[in-house]
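Report on the structure
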Amino acid sequence: MIRHMILPLLLIVACCTPTHAADSLRLGNERPELYLPLLQGKKVGLLSNHTGIDRDSVHTLDKLLAAGVNVTTLFSPEHGFRGDADAGQKVASATDSRTGLPVVSLYGAKSLPLAASVADSVDVFVVDLQDVGLRFYTYYITMLRLMEEAAREGKEFVVLDRPNPLGMTVDGPVLDMSLKSGVGALPIPVVHGMTMGELARMIVGEGWMKPSAKPLALTVIPMEGYIHATRFRLLNRPSPNLKSMHAVYLYPSTCLFEGTVMSLGRGTEHPFEIYGHPAMRTGSYRFTPQSMPGAKNPPLLGKRCRGRDLRSMPDDGIIAEGLTLEYVIDAYRNMPRGQKFFTSFFDLLIGDRTIRRQIESGKSAAEIKASWQGEVERFRQQRAKYLLYK
């Protein structure tokens, strides 16, 4: 049984509070002495969004332009270059209103391969994105696709590295590649524990890119003062519905509700920290999803939901647990018999066809977690030579 305490909470804006475990930490974009020599005299394409800032809230684009770097093209992932689009919302290529530079959206099946005119406008691609460290978070997939384009076109590729807020954890089944999709592109666990720079090194080293006549010229600008255990508080929201660090820590487990009929709180002030459904039999928490910025048409819009409030759970306990199926199992067992619960999206998110069947057969969260521990350990050994940080 899950224990819940409903407490009055102050509005949490933790993702916007720049507090870090180590004052000596320097992000990749805070080390111009390393990356500017690689860019001078070249045409630069920047893949970034609203998360590409330093701890003084200066965007990498502005830093490059101020240093005289010839930035010719901007590339955007899911949520757009300024980070205000809904999850999954199609974002068209456009012009950046603040700089007048062209923005090429890389989120969507028709965005690649790059048009010849776009490829010719770039000598070196630079990536500065704050990832969340999950296999189903799409930023690394956008980076992967751009890496493939860079290799095909013979372009240089530079990653300005950032912390993984879940970098202390490796958990979840390794992706069954027959389930490869827009929310899972590599044979890695749900929670992989790697930074974007480390993952880029592994992509190259393991041959996970599409075949190319030329090897990718990859350079990672590493952070200084970072280890995987660093408790890094994100500088801003990596996407509109990840509104607090508490939500980020719960995200590996509660995002799985996207593959069910449940609401995980989109359309409320606490997405990924609550869950429920109008037909759920137990649960003392009530909420009603509403249309709002970042969740214009959330699941169960306008429906009064009964469920659970996870906001009082301590961060340390959530991190120690890693990916847990406890919440999904709780919801599954408290929905009416015969009520459709899982959608086909669940298998894509968890990356394994057996997990849903194990839940349906009555196995506990601990029993199911044990089923993937062997592949997690093999992945840890496989990734070891690509890690840049202790």
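Predicted model only: the values in this text are computed from it and were never measured. (Residues numbered from 1 in each chain as written. Predicted model: local features only at pLDDT ≥ 70, side-chain atom pairs only at ≥ 80, totals over all residues. Heavy atoms only, no water.)

What follows is about helix α5 (residues 196-205). Of all the 10 residues making up α5, 7 are buried; the element is thus mostly covered by neighbouring parts of the structure. Along α5, the residues classified as buried are M196, G197, E198, L199, A200, M202 and I203. Elements that come into contact with the buried residues of α5 comprise α4 (139-153), β6 (156-160), β9 (217-221) and α12 (373-383). (Buried < 20%, exposed > 50% of the residue type's maximum accessible area, 1.4 Å probe, protein only. Helix = DSSP H or I, 4+ residues; strand = E, 2+ residues; numbered from the N terminus. Contact = heavy atoms within 4.5 Å.)

Attention now moves to the sheet that holds strand β12 (residues 305-309). Here 3 strands make up an open sheet; going across it, the order is β10-β12-β11 and the pairing antiparallel. Only two strands of the sheet have a single partner each, and these edge strands are β10 (274-277) and β11 (285-287). When the angles between neighbouring strand axes are averaged without regard to direction, this sheet yields 40°. Of the strand pairs in this sheet, β11 and β12 are connected by 3 bridges, and their pairing is antiparallel. Opposite R286, over in β12, you have R306 as the bridge partner. (Pairing = 2+ DSSP bridges. Axes fitted to C-alpha atoms, helices over the stretch in contact; angles between N-to-C directions.)

With respect to the secondary-structure elements, T51 resides in the loop between β1 (43-48) and α2 (60-66). Of the polar contacts made by the side chain of T51, one reaches the side chain of N49; its length is 2.5 Å. (Polar contact = N/O pair within 3.5 Å; in protein donor to acceptor, adjacent residues only side chain to side chain.)

This part takes up the packing of aromatic side chains. Inspection of the entire model under this criterion finds 14 aromatic pairs. Taking 5.6 Å as the distance between ring centres and 55° as the angle between the ring planes, the aromatic pair formed by F75 and F125 counts as tilted. Taken together, the residues span a long stretch of sequence, with F75 in strand β2 (residues 70-76) and F125 in strand β5 (residues 124-128) at a distance of 50 residues. By relative accessible area, F75 is classed as buried at 0%. (Phe/Tyr/Trp six-rings, centres within 6.5 Å; stacked < 30°, edge-to-face > 60°.)

Let us now look at the sheet that holds β6. Strand order in the open sheet made by the 7 strands is β3-β4-β2-β1-β5-β6-β9, with mixed pairing throughout. Each having just a single partner strand, β3 (94-95) and β9 make up the two edges of the open sheet. With 4 bridges connecting them, β5 and β6 associate as parallel partners. Residue pairing for β6: V124 is matched across the bridge by E156. Contacting β1, β5 and β6, α4 runs over the sheet at an angle of about 155° to β6. Against the sheet, α5 makes contact with β6 and β9, and its axis sits at roughly 155° relative to β9, the strand it touches most.

Further remarks concern empty space enclosed by the protein. Scanning the entire structure with this criterion turns up 3 cavities of 30 Å³ or more. What the largest cavity holds in volume is close to 60 Å³. In terms of lining, the largest cavity is formed by L166, T169, V191, Y249, P252, I318, I319, G322 and L323. Looking at the lining of the largest cavity, its residues break down into 7 nonpolar, 2 polar and no charged. (1 Å grid on protein atoms, 1.4 Å probe; cavity = no way out; pocket = protein on both sides within 12 Å on 5 of 7 lines; lining within 4 Å. Points joined across faces, edges and corners; volume = space filled by probe spheres on them. Nonpolar A, V, L, I, M, F, W, Y, C, P; charged D, E, K, R; others polar.)

What the rule picks out here adds up to 20 salt bridges. Across the pair E148 and R145 runs a salt bridge whose closest N-O atoms are separated by 3.5 Å. Highlighted residues: E148 and R145, both in helix α4, separated by 3 residues, approximately one helical turn. With a relative accessible area of 9%, E148 lands in the buried category. The salt bridge partner of R356 is D347, with a shortest N-O separation of 3.1 Å. Given the relative accessible area of 22%, R356 is considered partly exposed. Among the residues examined, D347 registers a relative accessible area of 9% and is labelled buried. Residues participating in the shared-partner salt-bridge network are R26, R31, E33 and E224. (Salt bridge = Lys/Arg side-chain N within 4 Å of Asp/Glu carboxyl O.)

Time to look at unusual backbone geometry. Across residues other than glycine, the phi torsion is negative in most instances, and most of the peptide bonds are trans. The phi dihedral of S57 is positive, around 65°, even though this residue is not glycine. Summarising the element assignment, S57 is placed in the loop between β1 and α2. Backbone geometry at F272 places phi at a positive 70°, although glycine is not the residue there. By secondary structure assignment, the location of F272 is in the loop between α6 (245-254) and β10.

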